[in-house]
Amino acid sequence: MRATLSLFFLLCSLQFSLAQTFSISGTILNATTKQAAPEAEVLLIGKGNIVKADGKGNYMIGDLQAGTYTLTAYSIGLGGQTQQVTISDASVTVHFSLKPLEGNLSEVNVKGEREKTFGITRLNSVEGTAIYEAKKSEVVVLSDITANKATNNSRQVFAKVAGLNIWESDGAGLQLGIGGRGLSPNRTSNFNTRQNGYDISADALGYPESYYTPPTEALERIEVVRGAASLQYGTQFGGMINFVMKEGPEDKPFELTSRQTVGSWGFLNSFNSIGGTKGKLHYYGFYQYKRGDGWRENAGFDAHTAFASVHYNPNDRLEIGFNYTYMDYLAQQPGGLTDAAFNQNARQSLRDRNWFQVNWNLLALTLDYRVSDRTKVNVRNFGLLAQRDALGFMGRINRMDDTALPRTLLQDQFNNFGNETRLIHRYDLGNTFSTLLVGARYYRGFTDQKQGDGSIAADADFNFYSETGAPNASSYDYLSRNAALFAENIFNITSKLSLTPGVRYEWINTNADGSYRDVMADQAGNVIRDNVVAEKRANTRNVLLLGLGMSYKPSEQMEVYGNFSQNYRAINFNDMRIINPNQLVDQNLQDETGFNADLGFRGNISGLLNYDASLFYLAYDNRIGIRNKVIDNQIYLLRTNRDFSRNIGLETFIEADLLKLYLGKDHPSSLSAFSNITLVNTRYVSDDKAYDGNRVELAPALIAKTGLSFKRNNFKLAYQYAYTSSQYTDADNTGKEGELDVTAVVGQIPAYWVMDLSGSYTYKRFTLESGINNLTDNRYFTRRATGYPGPGIIPSDARNYYVTLQFQL
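This report concerns the structure included in the present document. (Residues numbered from 1 in each chain as written. Predicted model: local features only at pLDDT ≥ 70, side-chain atom pairs only at ≥ 80, totals over all residues. Heavy atoms only, no water.)

Focus: the pairing of strand E48 (residues 800-808)
- With seven bridges joining them, strand E20 (residues 255-263) and E48 adopt antiparallel strand pairing. Its bridge partner lying in E48, Gln260 is registered against Leu805. (Pairing = 2+ DSSP bridges. Helix = DSSP H or I, 4+ residues; strand = E, 2+ residues; numbered from the N terminus.)

Structural notes on the pattern of salt bridges
- Going through the model one piece at a time under the given rule, you end up with 39 salt bridges.
- Between Lys52 and Asp428 there is a salt bridge, with the nearest N and O atoms lying 3.7 Å from each other. In this pair, Lys52 sits in strand E3 (residues 49-52) while Asp428 sits in strand E27 (residues 408-429), placing the two residues 376 residues apart along the sequence.
- Overall, Lys52 belongs to the exposed group, its relative accessible area being 53%.
- We note a salt bridge from Asp316 to Arg370, for which the minimum N-O separation is 3.0 Å. With Asp316 in the loop between strand E23 (301-312) and strand E24 (318-332) and Arg370 in strand E25 (residues 355-372), this pair connects stretches of sequence that are 54 residues apart.
- The exposure class assigned to Asp316 is partly exposed, which follows from its relative accessible area of 32%.
- On the accessibility criterion, Arg370 (8% relative accessible area) is buried.
- Taken together, the shared-partner salt bridges connect Lys136, Glu138, Arg181, Arg226, Asp598, Asp612 and Glu651 into one network. (Salt bridge = Lys/Arg side-chain N within 4 Å of Asp/Glu carboxyl O. Buried < 20%, exposed > 50% of the residue type's maximum accessible area, 1.4 Å probe, protein only.)

Section: unusual backbone geometry
- In this structure, Pro791 follows Gly790 across a cis peptide bond, with omega equal to 5°.
- Summarising the element assignment, Pro791 is placed in the loop between strand E46 (781-785) and strand E47 (792-795).
- In this structure, Arg187 takes a positive phi of about 45° despite not being glycine.
- Phi is positive for Thr188, close to 55°, though the residue is something other than glycine.
- Turning to its location among the elements, Thr188 is positioned in the loop between strand E15 (178-180) and strand E16 (191-195).

Side note on the sheet that holds strand E13 (residues 137-141)
- Spatially, the six strands line up as an open sheet ordered E10-E13-E18-E19-E16-E17, and their pairing is mixed. The two strands at the open ends of the sheet, each matched to only one other strand, are strand E10 (120-121) and strand E17 (198-199).
- Pairing analysis gives two bridges linking E10 to E13, with the strands arranged antiparallel. Its bridge partner being in E13, Thr121 is matched across the sheet by Val139.

Given below as structure tokens:
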């Protein structure tokens with residue numbers, strides 16, 4: 001840790017000592033008349049200042065350091081033009097020639113090379129119709145990542161995103177589970193999860209769990225924005241994660257990519273995509289099939305995923321897009337283990353009748369319209385038609401599965417649609433410019449949830465087998481509606497200092513209508529209560545969230561940033577009536593409230609150095625968690641509101657190309673080293689002395705990752721080491737005295753570490769990739785499940801290998 005911080009400050013000092021200032025100058029002319037463009041100005045994107053040209057069209061931007069810059073020139077009645085330029089060791093000249101807007105003349109858009117990354121970068125202050133100024137963000141650039149992409153290996157893919165706690169529920173990457181800053185990783189439900197900017201979770205408001213994970217092989221990048229994202233993207237404490245799909249190439253009408261992967265335990269993955277541009281139309285699509293037997297017994301899976309995207313540009317101002325996503329998979333679930341069974345043989349399975357099935361259909365219709373060079377509008381319409389079925393014996397894992405009894409079938413159908421419309425406008429303010437974002441959102445989610453007896457067999461039969469053929473445990477309809485208005489504005493006080501206030505108003509309405517079977521048994525399994533209860537519930541609330549961001553950029557390569565934003569999380573009605581023998585749910589759950597705050601500094605020298613260090617504070621009131629509760633002289637796990645909790649932490653990331661740093665930027669090889677360390681201190685603050693001062697569950701005090709990446713020509717090799725300290729799984733901190741819960745659904749998750757090694761080589765149209773995950777064959781687990789896919793300890797995969805062959809035409 002001390003060595004990492006020393007290297008961090010040494011490299012930061014080095015970039016300042018080497019800093020020199022240069023300028024960009026040139027002219028802005030009318031392309032038709034060859035005269036000076038009237039009232040012309042140049043915007044230096046990312047730095048925040050506007051320079052007006054003189055009467056002859058001359059302009060100059062000074063006090064710039066070496067680096068890559070993007071400039072956009074504007075003039076009254078003329079189209080804008082964007083150019084990218086790199087300053088190395090001398091000032092440069094850039095001339096603009098602006099064409100009239102009338103007619104069919106298209107806006108000139110000169111694109112330079114994408115900035116070199118180490119596989120991780122961050123979002124610009126403004127991207128499309130979104131504002132990210134002063135927010136902590138990370139962007140994973142998949143083309144620069146050497147990893148097991150066929151299995152969506154999240155440990156490798158998110159290695160350079162600070163502070164993520166990752167659940168490893170399956171070895172195929174069918175479901176992603178990540179959480180940050182002491183928040184639960186359960187199906188990424190503490191993030192607002194999106195694909196190409198629209199929602200993909202089961203119900204963004206009523207059930208924000210993600211059963212669909214976009215294939216890593218199809219992604220261009222993954223955008224992660226922390227808690228301050230709540231003002232633009234909705235009420236989630238963790239922030240927003242957006243999976244951005246690839247697009248077809250712009251310079252050819254057809255491109256084919258085929259990737260075939262084999263791996264351990266019968267793993268097979270076939271990924272095939274096409275894309276291209278023809279006239280005003282560009283398209284991209286893929287189909288992926290994967291199957292495998294799994295490391296553990298009873299862990300086979302079979303998955304199909306497809307995606308199609310078509311974009312049409314009728315003119316230079318308008319783009320219309322349509323996306324369709326399909327996923328269908330069937331997976332057998334080996335169930336959980338007790339602590340004793342895990343220590344004896346982590347590969348064994350005590351359940352052979354448990355199955356999980358998901359069918360997902362996502363649709364999106366988008367519209368982007370450039371009103372002017374200063375104003376853009378984005379409209380996103382999206383919908384979901386989906387179903388998930390969970391089948392199996394959900395009794396405590398320390399009891400054998402009674403195969404003479406019917407299994408429990410839980411069936412959810414999701415029917416959701418929404419619209420999000422954004423307008424972003426740039427306007428002059430003094431000698432600089434400001435950017436205003438306003439938006440509105442409407443969302444309607446509908447879930448039909450049923451629970452009852454399934455078959456007594458062991459196959460994947462997802463039908464109800466009660467006396468009436470209907471679900472006999474519960475049947476509910478959940479309707480959630482949400483309308484929101486939001487706004488943010490970047491005020492560039494100077495060319496270096498900006499303030500970004502924001503506000504969001506939410507109207508939330510949730511409804512539950514149905515009946516459930518109220519059953520209670522004693523510890524011997526004897527039924528002591530069995531009633532059918534009908535109920536109808538509704539809840540409406542109005543929420544106002546405020547936030548403020550601050551950014552100070554002393555140079556193009558460094559930024560000091562800070563932000564504060566309020567957060568809010570509505571309770572999930574459709575979690576409240578699931579009958580689970582491993583836990584009870586408090587029927588008087590209340591919504592959760594709190595706020596996020598960040599203070600940090602970050603910077604980069606393209607291709608040489610990238611760093612980000614920040615302090616965060618997460619305040620969480622009415623936090624929902626698990627605690628022990630005595631009911632009728634029996635101890636149950638109760639999911640209920642706990643008191644106030646606070647999470648304080650330090651997130652650090654640094655990566656440097658050691659060869660280029662010491663031998664020069666033109667060195668043909670690259671050897672980069674990264675360090676990603678997060679320290680978190682979490683505590684409950686409660687009037688109940690039994691809980692006051694306890695650590696927050698699922699919040700490791702230390703998450704550390706480090707690694708090396710070597711590149712030379714077409715050869716890449718990447719090694720990484722990941723460490724996660726121990727963590728509790730309930731508010732009682734069960735296991736702190738060394739005791740073990742016989743059901744294994746609560747207790748400590750011991751500290752663990754894992755190493756991964758991956759490499760690739762490209763020859764003409766072929767690329768060969770291979771690697772080993774869990775290099776030292778460690779036995780560890782990342783979660784204790786109270787329900788599916790458990791209950792109990794869910795072991796992570798042992799050492800495994802993969803080989804991928806890619807062909808591109």
